[in-house]
Every structure is written in structure tokens, then in C-alpha cells.
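Topology and contacts: notes
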Amino acid sequence: MSKSLNLEYNETKKGRLDTFLSTEISDFTRSQLQKFIKDGNVLVNDKEITKTGAKLTTGDKIIVNIPKEKPLEAIPENIPLDIVYEDEDVIVVNKPQGMVVHPAAGHPDKTLVNAILYHCQINDSDVIRPGIVHRIDKDTSGLLMIAKNNLAKQSLMKQLKEKSNLREYVAIVHGNFQEKTGRINAPLGRSKTDRKKQAVVEDGRHAVTHFTVLEQFENYSLLKLKLETGRTHQIRVHMKYIGHPVAGDPLYGPKNTLDGKGQFLHAKTLGFEHPRTHKWMEFSVEPPQIFLDTLAQLRHRQS
């Protein structure tokens, strides 16, 4: 089932339909939006418009019917994986910076799912796709737990819902702190001004992040962060919200920042109850070398 967007043209001068849509809808490219128009998926004042350059006037009501996206078919790819733990039920992987978790528009291959399919010798992406019970951003490194069967999937998802698992991150953030610990309780949802971003919004989903200050340097701090909930970009948005954006963050941070391959954010520790044995399992991995080298440089400047 497709979803619809309702828009209104409020400019005083006439404007092109495709130009207006490209400024209002950031989830799609201009060429994709032009195809929506040509395919009859755009109505202006309840009339189907198929001309991309159709002129809009003040007060025009536009409805964009966005077709349901067909799921991308992931294929197995021989991509090296840093497997921290594996048995018949679960895999714990240390995802490198720069790797996308799921195939998506713009990233159809070379993802973690492609690598897992090859590793497990599975030719049906629908088998492993639901097993990715949580995600981390492309440029965030660190630990992910993956279910290999339905028993594991149900157990791990229940633990995420009940907040009984453990997910701890380390991050280098801008600025220094007077307090040693803190709790950020601020609801998150899509930004009202930029659809590519998440933001703290009144009608957002409940989101809580705990932080502990581990070290402080000139203009930067090293934090340990514990997720109580797992919303999209949660740590990155929460840290920006309190005035301490994650260093290197290209989406939520300042331009004048530490030089890295994206945000200095690493999922260091992961703990959960094993789905079959019910034993507590906990894993920890060090951040990537660029993170460690940057920390060493900050410590050196401080000395």
C-alpha cells in the first residue's frame, strides 16, 4: 500500500511542479519525483498531472502518492566479517566503520546482510533479513547481535523491547562537562525542517540515553553511553541536543571538528541472554584504529 504526502504551494510566484517537490521531499531524488509525476502519482487540486514542468500557483493543493518500494533482493557476497561469537542461534559481529547494515536505495550491495548471507551459506535473503534485530549507522562501528533462526529472533527482540539487554557505546564529543554522569530523556522523531534528520520533537518516540564522562581534553570529552531505548540516530541527536555533538558527525555536528571517517562513535559492549541456554553473554571490542589514534593525539595535547 502506498503512502501519500499532502502539500500546499504558498509561493507568490508561479513555480515548476518538479522543482517544488524536490525542495519539499528530501527522501527522493528529483529524477525519482519526476517519474512519480509521469506515472500519474501526483495530483494538483485533485487533478492528475503528468507534466513535470506544470506550473503551480499560490494555494494549489498537491497530493503525492508514493508507490510502495519493492524490497531489494540481497545476494550473498564474500565480504570479510569480524565475527566475535557464533553458534547455531546467534552471531555477534564487530561491524566496521563505513559498512551499511541493510541493502537500501543507494546501497544495494556490500552490506552486512550480503556478508552474513555468504557466511551462513543462505541464498534466500528473507531468512536472514529479519534476523537483524537492531542496527547501527553506516559510519558507527561496533557490535551487533544477529538471530539465525526464529527462536533467537523472538528472544532478542523481546529483550530489546523489555530493555533487558546491554548496549554501551564510547564516543568523543565536543566540549567539556561539569557533571560526571547524566541522563537524557527527550523524545525523538523526524525533523520538521529536514527530513534526512531526526530531532527532539514533542510528539516523538520515548528515548533515553545515559552517559558517563571517562576523560576530558581541550574542547573534547570521551564518554561512555548506555542506551535505554534504541531510536534512529539516538545518541547523535541527544548529544547535539545537550550541546555536545559527536565529533566528526557529518549530519549533526559542526564543520570544525576532528578529522575521521565519520562520527567518533563505537558500539563497544553488548550483552544479552542467550535465546536457548538463557545464560548471560557479554562481549566487548575496542574502537577502530582511527578512534584510538585520535584519542592518543588528544591525550598528547593535554600533557
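1. Considerations on the overall build of the chain
Scanning the chain from N- to C-terminus turns up 7 helices and 17 strands. For the chain, the spread of C-alpha atoms along the three principal axes comes to 60 × 50 × 35 Å. Buried residues in the chain amount to 45% of all 303 residues. A sequence separation of at least 24 residues applies to 64% of the contacts in the chain between residues at least 6 apart. Side-chain charges of the chain comprise 44 positive and 37 negative groups, with the mean position of each set lying 4 Å from the other.

2. Side note on the nonpolar core
Side chains of nonpolar character tend, in soluble globular proteins, to be buried together. Residues Leu112, Tyr169, Leu223, Leu225, Ile235 and Met239 are the most contacted members of the largest nonpolar core, which totals 29 residues. Sorting the residues of this core by element identifies strand E8 (90-95), helix H3 (112-119), strand E9 (141-147), strand E10 (166-174), strand E14 (208-216), strand E15 (220-227), helix H6 (234-241) and strand E16 (265-273) as the ones contributing at least two each. For this core, the element with the highest residue contribution is H3, accounting for 4 residues. Ignoring any residue separated from it by four or fewer positions in sequence, one finds isoleucine 235 in contact with Tyr169, Thr209, Leu225, Leu227, Val246 and Leu265. Grouped together as the second largest cluster of nonpolar side chains are 18 residues, Leu5, Leu7, Ile25 and Leu56 included.

3. Here we look at the side chain of asparagine 41
Looking at the element boundaries, asparagine 41 is found in the loop between helix H2 (30-38) and strand E3 (42-44). Asparagine 41 sits in the buried class, given a relative accessible area of 18%. Those residues in contact with asparagine 41, other than ones at most four positions away along the chain, are Phe36, Ile63, Val64, Asn65 and Pro67.

4. A closer look at the side chain of aspartate 249
By the element assignment, aspartate 249 lies in the loop between H6 and E16. Here arginine 236 takes part through its side chain, which lies 2.8 Å from a polar atom of the side chain of aspartate 249. Residues contacting aspartate 249, with those up to four places away along its chain left out, are Arg236 and Gln263.

5. Details of the packing of aromatic side chains
Two aromatic rings, taken as a pair, are described by how far apart their centres are and by the angle between their planes. Tallied over the entire structure, the rule returns 5 aromatic pairs. Arranged with centres 6.2 Å apart and planes meeting at 35°, the rings of phenylalanine 272 and phenylalanine 283 form a pair that is tilted. Highlighted residues: phenylalanine 272 in strand E16 and phenylalanine 283 in strand E17 (residues 280-284), separated in sequence by 11 residues. Aromatic ring contacts, followed pair by pair, group Tyr85, Phe272 and Phe283 into a single cluster.

6. A look at the sheet that holds strand E1 (residues 3-8)
Spatial ordering of the open sheet is given by E1-E6-E3-E4, a layout of 4 strands whose pairing is antiparallel. Edge strands, defined here as strands with exactly one partner in the open sheet, are E1 and strand E4 (47-48). Relative to E4, E3 is paired through 2 bridges, and the arrangement is antiparallel. The residue bridging leucine 43 from the neighbouring strand is glutamate 48, located in E4.

What counts and what doesn't
Residues numbered from 1 in each chain as written. Predicted model: local features only at pLDDT ≥ 70, side-chain atom pairs only at ≥ 80, totals over all residues. Heavy atoms only, no water. Helix = DSSP H or I, 4+ residues; strand = E, 2+ residues; numbered from the N terminus. Buried < 20%, exposed > 50% of the residue type's maximum accessible area, 1.4 Å probe, protein only. Contact = heavy atoms within 4.5 Å. Lys, Arg positive; Asp, Glu negative; His and termini not counted. Charge placed at Lys NZ, Arg CZ, Asp CG, Glu CD. Core = buried A, V, L, I, M, F, W, Y, C linked by side-chain atoms within 4.5 Å. Polar contact = N/O pair within 3.5 Å; in protein donor to acceptor, adjacent residues only side chain to side chain. Phe/Tyr/Trp six-rings, centres within 6.5 Å; stacked < 30°, edge-to-face > 60°. Pairing = 2+ DSSP bridges.

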